[in-house]
Amino acid sequence: DARVTQTPRHKVTEMGQEVTMRCQPILGHNTVFWYRQTMMQGLELLAYFRNRAPLDDSGMPKDRFSAEMPDATLATLKIQPSEPRDSAVYFCASGLDRGYEQYFGPGTRLTVT
Amino acid sequence: GNSVTQMEGPVTLSEEAFLTINCTYTATGYPSLFWYVQYPGEGLQLLLKATKADDKGSNKGFEATYRKETTSFHLEKGSVQVSDSAVYFCALSLTGGGNKLTFGTGTQLKVEL
């Protein structure tokens, strides 16, 4: 049963520290999405990759966030420096650009103190 | 632009009650429509979909019909169970947009004994 995996599942860090979240998309999928979910803002799209190329990162704060796909099996989301307002659950999802479904990972719960 | 509007929650029902969660959309093209479900502590997963007007998507007793004339895709279930307690997201994707989705804000459903 193929699944999207995310690490770590939970992260607690202090303000100002760098945070790196990792995602392994389902093998063969060519689109990857990063979302942030909070009670106040709901589900926000941060970045969207197709065939490892970034297509849309307009939802991402550029000064502190960066998203990359070093290879087809790994997507990373980095926050440097982290701030308390970054506390949220970060989801990665993958899919096929000619399909309809996005397959979500279990999320990384980030707490910045 | 494209947007999805859902009824606000939480929706609280007794077990075996009838469920309706309203969803309306605005789209510049001809969208495909989806319902995703998020169980506590998990990522979103596809519940059902419809790709053209008058299509009915169904899964696990849930149904939704694509109504182009009213730009709606309301989710229904005849008899809810406690295990249906979750957050439900309505979403759309546009033809030619790959599998990039526009999500509604989500509606929390609580089912009590």
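Our subject is the structure that appears above.
One structure accompanies this document, and this report is about it.

Rules behind the numbers
- Residues numbered from 1 in each chain as written.
- Chains lettered and ligands numbered in written order.
- Predicted model: local features only at pLDDT ≥ 70, side-chain atom pairs only at ≥ 80, totals over all residues.
- Heavy atoms only, no water.
- Pairing = 2+ DSSP bridges.
- Helix = DSSP H or I, 4+ residues; strand = E, 2+ residues; numbered from the N terminus.
- Axes fitted to C-alpha atoms, helices over the stretch in contact; angles between N-to-C directions.
- Disulfide = S-S within 2.5 Å.
- Buried < 20%, exposed > 50% of the residue type's maximum accessible area, 1.4 Å probe, protein only.
- Phe/Tyr/Trp six-rings, centres within 6.5 Å; stacked < 30°, edge-to-face > 60°.

## Quick look at the sheet that holds strand 7 (residues 65-71) of chain A
Residue and element names in this part refer to chain A.
Moving on, step 1. One open sheet holds the 4 strands; their spatial order is 1-3-8-7, and the pairing between them is antiparallel. In the strand order of this sheet, the two ends are held by strand 1 (5-7) and strand 7, each with one partner. Across the sheet, the mean angle from the axis of one strand to that of its neighbour is 20 degrees, orientation sign disregarded.
Moving on, step 2. Judged from the 3 bridges that link them, strand 1 and strand 3 (residues 19-24) form a sheet pairing that is antiparallel. Residue pairing for strand 3: Thr5 is matched across the bridge by Gln24.

## Some remarks on the state of the cysteines
Moving on, step 1. Throughout the structure, instances matching the rule amount to 2 disulfides over all chains.
Moving on, step 2. Disulfide partner of A:Cys23: A:Cys92, at an S-S distance of 1.9 Å. Residues A:Cys23 and A:Cys92 are joined by a disulfide whose S-S torsion is about -60 degrees; by sign, that bridge is left-handed. You can see A:Cys23 sitting in strand 3 and its partner A:Cys92 sitting in strand 9 (residues 88-95), a full 69 residues away along the chain. Summarising the burial analysis for this pair, A:Cys23 and A:Cys92 share the class buried.
Moving on, step 3. Through a disulfide, B:Cys23 is tied to B:Cys90; the S-S separation comes to 2.0 Å. Its S-S torsion of approximately -70 degrees makes the covalent link between B:Cys23 and B:Cys90 left-handed.

## Notes on the packing of aromatic side chains
Moving on, step 1. In this structure the tally under the stated criterion is 13 aromatic pairs over all chains.
Moving on, step 2. For the ring pair A:Phe33 and A:Tyr48, a centre distance of 4.6 Å and an interplane angle of 5 degrees mean the geometry is stacked. Taken together, the positions of A:Phe33 in strand 4 (residues 31-38) and A:Tyr48 in strand 5 (residues 42-50) put the pair 15 residues apart, joining distant regions of the chain. Across the pair, A:Tyr48 and A:Phe33 agree in class, each one buried.
Moving on, step 3. Ring centres of B:Tyr25 and B:Tyr66 lie 6.1 Å apart, and the angle between their planes is 80 degrees; this geometry places the pair in the edge-to-face category. Here B:Tyr25 is found in strand 4 (residues 23-26), whereas its partner B:Tyr66 is found in the loop between strand 8 (62-65) and strand 9 (75-77), with 41 residues between them in sequence. Of the two residues, B:Tyr25 and B:Tyr66, both sit in the buried class.

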